[in-house]
Amino acid sequence: MTDLSNISTLTLQGFNLPPESIVPAFVFATLGYLTILSCNLILLSTIILNKSLHQPMYILLLNLPINDLIGSTALFPQIIKELLWDTRTIQFSTCVIQAFFIHIYATGAVFILTAMAYDRYVAICCPMRYNTIMSNIHIVRLISLVWLSNIFIIAVLFILLLRLPRCRSFVTHTYCDNPSLLQLVCVNTTINNIYGLMTVAVCQVITVGLIAFTYIQILIACFRNKGSDTRRKALQTCATHLIVFLLFECLGLFTVISYRLTDLSPHLRKFSGVAAMILPPTLNPIIYGLRTKEIRVRALKFLHKRVYTS
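Residues numbered from 1 in each chain as written. Predicted model: local features only at pLDDT ≥ 70, side-chain atom pairs only at ≥ 80, totals over all residues. Heavy atoms only, no water.

- If you look the protein chain up in an unreviewed UniProt entry, it shows as Olfactory receptor from Ictalurus punctatus.
- Regarding the protein chain, the UniProt comment filed under Subcellular location (unreviewed entry) reads as follows: "Cell membrane".
- For the protein chain, the Sequence similarities (unreviewed entry) comment in UniProt is given as "Belongs to the G-protein coupled receptor 1 family." (UniProt positions renumbered as here; feature names shortened; annotations may be inferred.)

The structure is reproduced here in structure tokens:
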């Protein structure tokens, strides 16, 4: 097949919307992006500007809106541009950058939620040693491990991808990611497939295993504790975290599996892929903001102050 590696323009599959649906879709995408930006920035600002929230739990939570902003900013501008200008073309370099940050977001979300589960495990199961274990140095190490391991895994994934020649220029998805870019390659991709599946499998085993272990220990500790108030608060915090994790896991895993199901409807594949990028960044700040009293109270004070001083 013809080597098209020197061709810098790719064509996205797009949403194939009828003309009358383009304007509503554009409005929905723009409002969705603005909602994600505003909600995550409010959560981010609330934690940063309130010294009382400079605790391990909230410092770890701080990474979640940062990660959500990375993912949504990688996705939405391209979708809005496509709907506004009715164009499906994208530069190869832009496509690679978009795919890189989308994968950073996806892997980062799982790692951050795992780190947060570890923090809750220490807080509930080892409350007397919490401040000693979750010291500032330990928090810095934990956050560094999350981001550096995330960047390393995804960097290797894309180094393996970029070494291969391309013989196609049509991306069979609504946005760029590693599987869709891999379909443009005209040589054997066994190494890439093995590395991709291996990293997904290893990350899933480690993160799901750690979260399952921490929650089992937390449940045991909660039911041993005779204080109904302490038990209720612990279970409420953990339930919030578990809802966010399960939502992301279900959407993310279905998106990964959908590429390997040839009989799956392309519309369902598009929906699952976009939903995995839209729902978590939209719901995370709302869930954590509404379910966590400390954040809710200080966010309302922050907004009240901004409204009356502007």
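So, the side chain of N40
Then comes step 1: Relative to the helices and strands, N40 resides in helix 1 (residues 19-49).
Then comes step 2: Residue classification places N40 among the buried positions, given a relative accessible area of 0%.
Then comes step 3: Only 2.8 Å separates the side chain of N40 from the backbone oxygen of I36, close enough to count as a polar contact.
Then comes step 4: Ignoring sequence-local partners within four residues, the contact set of N40 consists of P65, D68, L69, P281 and P285. (Helix = DSSP H or I, 4+ residues; strand = E, 2+ residues; numbered from the N terminus. Buried < 20%, exposed > 50% of the residue type's maximum accessible area, 1.4 Å probe, protein only. Polar contact = N/O pair within 3.5 Å; in protein donor to acceptor, adjacent residues only side chain to side chain. Contact = heavy atoms within 4.5 Å.)

Comments concerning the UniProt feature "transmembrane region" (unreviewed entry) in the protein chain
Then comes step 1: The UniProt entry lists residues 22-44, 56-76, 96-118, 139-162, 194-222, 234-259 and 271-290 under the feature "transmembrane region" (unreviewed entry), expressed in the numbering used here.
Then comes step 2: As annotated, residues 139-162 has a helix share of 100% and a strand share of 0%, and its two end C-alpha atoms lie 34 Å apart.
Then comes step 3: A helix fraction of 100% and a strand fraction of 0% characterise residues 194-222, whose end C-alpha atoms lie 41 Å from each other.

Focus on the environment of P281
Then comes step 1: Locating P281 in the fold gives a position in helix 9 (residues 266-291).
Then comes step 2: Sequence spacing of P281 and C39 is 242 residues, and the spatial spacing of their C-alpha atoms is 8.8 Å.
Then comes step 3: When neighbours within four sequence positions are excluded, P281 is seen to be in contact with I36, N40, D68 and Y105.

Let's talk about the environment of L142
Then comes step 1: With respect to the helices and strands, L142 occurs in helix 5 (residues 136-162).
Then comes step 2: The exposure class of L142 is buried, given its relative accessible area of 15%.
Then comes step 3: Along the chain, L142 and A115 lie 27 residues apart, while their C-alpha atoms are 7.3 Å from each other.

Looking at the pattern of salt bridges
Then comes step 1: Applying the stated criterion across every chain yields a total of one salt bridge.
Then comes step 2: When the shortest N-O distance is used, the salt bridge between R120 and D119 registers 2.8 Å. Each member of the pair R120 and D119 is classed as buried. (Salt bridge = Lys/Arg side-chain N within 4 Å of Asp/Glu carboxyl O.)

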